[in-house]
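What follows is each chain in one-letter form.
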Amino acid sequence: MGYAHDYAAAIMQRGRIPMEPADFVPDWADRPRKAKFYPGVESFPLPDTDLPEGATVAAGCLRTEEPHGQRPFTLDSLSGMLRDSYGLTGRRLGVQTNTDLAALPHYTQANWSRGTASGGGLYPVSVYWVSGPSGPRAPGVHYYSAPHHSMQRLLAGDVTGEVRAALGEGAAGADRDQFLVLGIKYWQNAFKYNSFSFHAVSMDLGAIVGTWRIWARAQGLSVEPALWFDEERLSHVLGVPNEEEGIFAVVPLAWEGAEPTTGLSTAALPGVPAVRHTDVERSRTVLRFETLQRIHTATVEAATDRPEPGALAPAAAIPPAGTGAPVALPEPELPSVSVRDALRERRSSFGRFDAARPVTTAQLAATLDACVAATLGGDAGQDVAPDGPAAPGLVTLYAFINHVEGVAPGAYAYDPVDHALRPVVTGPPGPFLQRNYFLSNYNLEQAGVVIVPTIRTTAVLDAVGDRGYRLVNGTIGAVAQTFYTVASALGLGAGVALGFDNISYIEELGLERTGEKPLLIMLLGNERPRPADFRYEIG
């Protein structure tokens, strides 16, 4: 077994055995920027775009028989996807119970809103656009500056051959010349979460990919990321030290007017071009955490060993069992809300749930159906290929019902085949939920339902190796982003949290036998009316 098994076990136990350094205190006065800073580079603004009719949350989230991914990307669609996922769209301040409320009224600590969620609100994913000859601008490497909604040119010249070579022969999308490359600069999260940060940021990767997949499917576009590739080769091209910034995904883009590209390598060139501009760090002191470095190294070592089709079958979700009669749910249906509107309304409820208004079974049904279908796609091997067998789903959903119309309080397993709830534990779950939550920013009993996604983490790691840890957490991040987006479309409050006793949930749900690991809790419910909120929209 690799180190990822040890790290996964430590994450599960951290509610009872703190991860080292146990006495760590963040230096907030010396915290890093939320985005990378490249001074003196040229940039160009991305265009403002409108979404076409039919680009709704239902089209992007619910499973349909309609084919997806038939249209190519353009600069307009790329701009729209980036704006709606990571672009800053407004400033918010709400009277609520999160612990950082005292800082938010200060301009220098403004709480900027965006479409994609992020652990701790730290926004650590770096988005690079590696563009070849078919693009609308001269070929090069660009960094997406979210605060300015612009592309900053880091390198001039076509290096897409290096990306294709890193993907490897036969990789999906390796004949294209437009790529989005996703990196994570660890210090942007580790300054707060130290050894735990890898767990959080790998979910952040899934959250942004989840947004892109929802957004793209709603418009007939395709986002299929590669998680297995020559990571160190891409680190060289991007000019980043791999031990400081991991390269987590490559997204090949089908581009309007592009012709399939032949030739997979530029290695014969005398000296591979690389970005020379460097990010300027704000923090005066940057710390290294041994556990973080070890899990990063473990997930890089076999980065080119792409799993064979069907490799994840032994790690598939086990059909849920129950102890009583199943509760049938209505057919899933979402209102005709545009993806853009849902993403811009997305936020965390932070203690504003109101049990006086229960969640309806229709709302619960739509949420569960969308979340269980959320995947990263691409070479993770989870999607149904047009010319291949259906790949297994990895996620099982459990629902702790507090206040849902027509459903008795208790813990249930969601059965996606029969679209029903199967009872696991009877009785109101509120005391269990609150007793095993570490923070004070939510009253879990006031939520209509608390949904818990699980994955058989050990089975995934056994099937595809240590790099599968990124797949596990990325998948859960995509589930969480789908949850937020659907909740927004339904007009419900939502919150996602990692601060809970994982072992207690395993014991309560009887998951020792199946090896399922609960990685998030997702709170859904109506909020108290007339909240005290300040909102200023900027995009």
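The rules behind each value
Residues numbered from 1 in each chain as written. Predicted model: local features only at pLDDT ≥ 70, side-chain atom pairs only at ≥ 80, totals over all residues. Heavy atoms only, no water. Helix = DSSP H or I, 4+ residues; strand = E, 2+ residues; numbered from the N terminus. Salt bridge = Lys/Arg side-chain N within 4 Å of Asp/Glu carboxyl O. Buried < 20%, exposed > 50% of the residue type's maximum accessible area, 1.4 Å probe, protein only. Pairing = 2+ DSSP bridges. Axes fitted to C-alpha atoms, helices over the stretch in contact; angles between N-to-C directions. Contact = heavy atoms within 4.5 Å. Parallel < 35°, antiparallel > 145°, perpendicular 65-115°, else oblique. Left-handed = near helix turned anticlockwise from the far one by under 90°. Nonpolar A, V, L, I, M, F, W, Y, C, P; charged D, E, K, R; others polar. Patch = residues over 30% accessible without salt bridge, like charges linked within 9 Å, V, L, I, M, F, W, Y side chains within 5 Å. Areas by Shrake-Rupley, 256 points an atom, 1.4 Å probe, with all protein chains shown as cover. Core = buried A, V, L, I, M, F, W, Y, C linked by side-chain atoms within 4.5 Å.

A. How the structure looks around unusual backbone geometry. Pro-21 follows Glu-20 through a cis peptide bond whose omega is -5°. The residue Asn-194 is not glycine, and still its phi comes out positive at about 40°. Among the structural elements, Asn-194 can be located in the loop between α5 (187-193) and α6 (197-217). Positive phi, normally seen in glycine, also occurs at His-419, with a value near 50°. By secondary structure assignment, the location of His-419 is in the loop between β11 (410-415) and β12 (420-426).

B. The pattern of salt bridges, seen in detail. Counted under the stated rule, the structure contains 17 salt bridges. The partner of Arg-467 in a salt bridge is Glu-231, with the nearest N and O atoms 2.9 Å apart. Here Arg-467 is found in the loop between α12 (457-464) and α13 (468-490), whereas its partner Glu-231 is found in helix α7 (residues 231-238), with 236 residues between them in sequence. Classification of Arg-467 by relative accessible area gives buried; the value is 3%. Taking relative accessible area as the criterion, Glu-231 reaches 1% and is therefore assigned buried. A salt bridge links Arg-288 to Glu-244; its shortest N-O distance comes to 2.9 Å. Of this pair, Arg-288 sits in the loop between β8 (245-252) and α8 (290-300) while Glu-244 sits in the loop between α7 and β8, placing them 44 residues apart in sequence. Each member of the salt-bridge network shares a partner with another, and the members are Arg-16, Asp-501 and Glu-507.

C. Spotlight on helix α14 (residues 502-509). Buried residues dominate α14, accounting for 6 of its 8 residues. Taken as a whole, α14 has its buried residues at Asn-502, Ile-503, Ser-504, Tyr-505, Ile-506 and Leu-509.

D. View of the pairing of strand β10 (residues 396-401). Most of β10 is tucked away: 6 of the 6 residues are buried. Taking every second residue as pointing to the same face, both faces of β10 are buried, with Thr-396, Tyr-398 and Phe-400 on one and Leu-397, Ala-399 and Ile-401 on the other. Sheet topology note: the β10/β11 ladder contains 4 bridges and is antiparallel. Across the sheet, residue Tyr-398 finds its bridge partner in β11, namely Ala-413.

E. Spotlight on the sheet that holds strand β7 (residues 178-185). Spatially, the 6 strands line up as an open sheet ordered β1-β6-β5-β4-β7-β8, and their pairing is antiparallel. Edge positions in the sheet fall to β1 (43-45) and β8, since each of these pairs with one other strand and no more. On average, each strand axis in the sheet is inclined to that of its neighbour by 30°, with strand direction left out of account. Where β7 meets β8, 7 bridges bridge the pair, whose relative direction is antiparallel. Counterpart to Leu-182 in the pairing with β8 is Ala-249. The strands touched by helix α4 (residues 160-167) within the sheet are β4 (125-131), β7 and β8, with β7 carrying the most contacts at an inclination of about 70°. Packed onto the sheet, α7 meets β4, β5 (140-145), β7 and β8 and runs at close to 95° relative to β8.

F. Geometry of the packing of helix α10 (residues 361-372) against α13. Running from N to C, α10 and α13 point in directions that differ by 150°, and their axes come no closer than 9 Å. Viewed along their axes, α10 and α13 adopt a mutual orientation that is roughly antiparallel. Two packed elements cross with a definite hand, and for α10 against α13 that hand is right-handed. On α13, the residues touching Gln-363, Ala-366, Thr-367, Ala-370 and Cys-371 of α10 are Val-479, Thr-482, Phe-483, Val-486 and Leu-490. Class assignment for the residues of the contact of α10 with α13 results in 7 nonpolar, 3 polar and no charged.

G. Representation of α4. For α4, the tally of buried residues reaches 8 of 8 residues, placing the bulk of the element in the interior. Where α4 is concerned, the buried positions are Thr-160, Gly-161, Glu-162, Val-163, Arg-164, Ala-165, Ala-166 and Leu-167. Where α4 is buried, its residues touch β4, β7, α7 and β8.

H. Examining a nonpolar patch on the surface more closely. A cluster of nonpolar side chains, contributed by Phe-534, Tyr-536 and Ile-538, occupies part of the molecular surface with about 320 Å² of accessible area. Note on placement: Tyr-536 falls in strand β17 (residues 533-537).

I. Region of the structure containing the nonpolar core. Core analysis: the largest hydrophobic core is formed by 137 residues, its most contacted members being Trp-212 and Ile-521. Sorting elements by how many residues they give to this core places α13 first, with 13 residues. Those residues in contact with Trp-212 that sit more than four places away from it in its chain are Met-81, Leu-82, Ser-85, Val-127, Leu-180, Leu-182, Val-223 and Val-251. By size, the runner-up hydrophobic cluster in this structure holds 25 residues, among which are Tyr-38, Val-141, Val-163 and Val-181.

J. Fine view of the environment of Leu-205. By the element assignment, Leu-205 lies in helix α6. Judged by its relative accessible area of 2%, Leu-205 falls in the buried class. The sequence separation of Leu-205 and Thr-475 amounts to 270 residues, and the corresponding C-alpha distance is 9.0 Å. In this view, Leu-205 contacts Val-125, Leu-182, Ile-184, Phe-248 and Ala-249; residues no more than four positions away in its chain are not counted.

K. The side chain of Gln-152, seen in detail. For Gln-152, the position within the fold is in strand β6 (residues 150-156). Assessed through its relative accessible area of 12%, Gln-152 is described here as buried. For Gln-152, the contacting residues outside a window of four places in its chain are Tyr-38, Val-41, Glu-42, Ser-43, Val-141, His-142, Tyr-143 and Ser-145.

L. Representation of the side chain of Gln-481 in the model. Among the secondary structure elements, Gln-481 is positioned in helix α13. Leaving out residues up to four positions away in the same chain, Gln-481 has contacts with Gly-115, Thr-116, Ala-117, Ala-207, Gly-210, Thr-211, Leu-343 and Arg-346.

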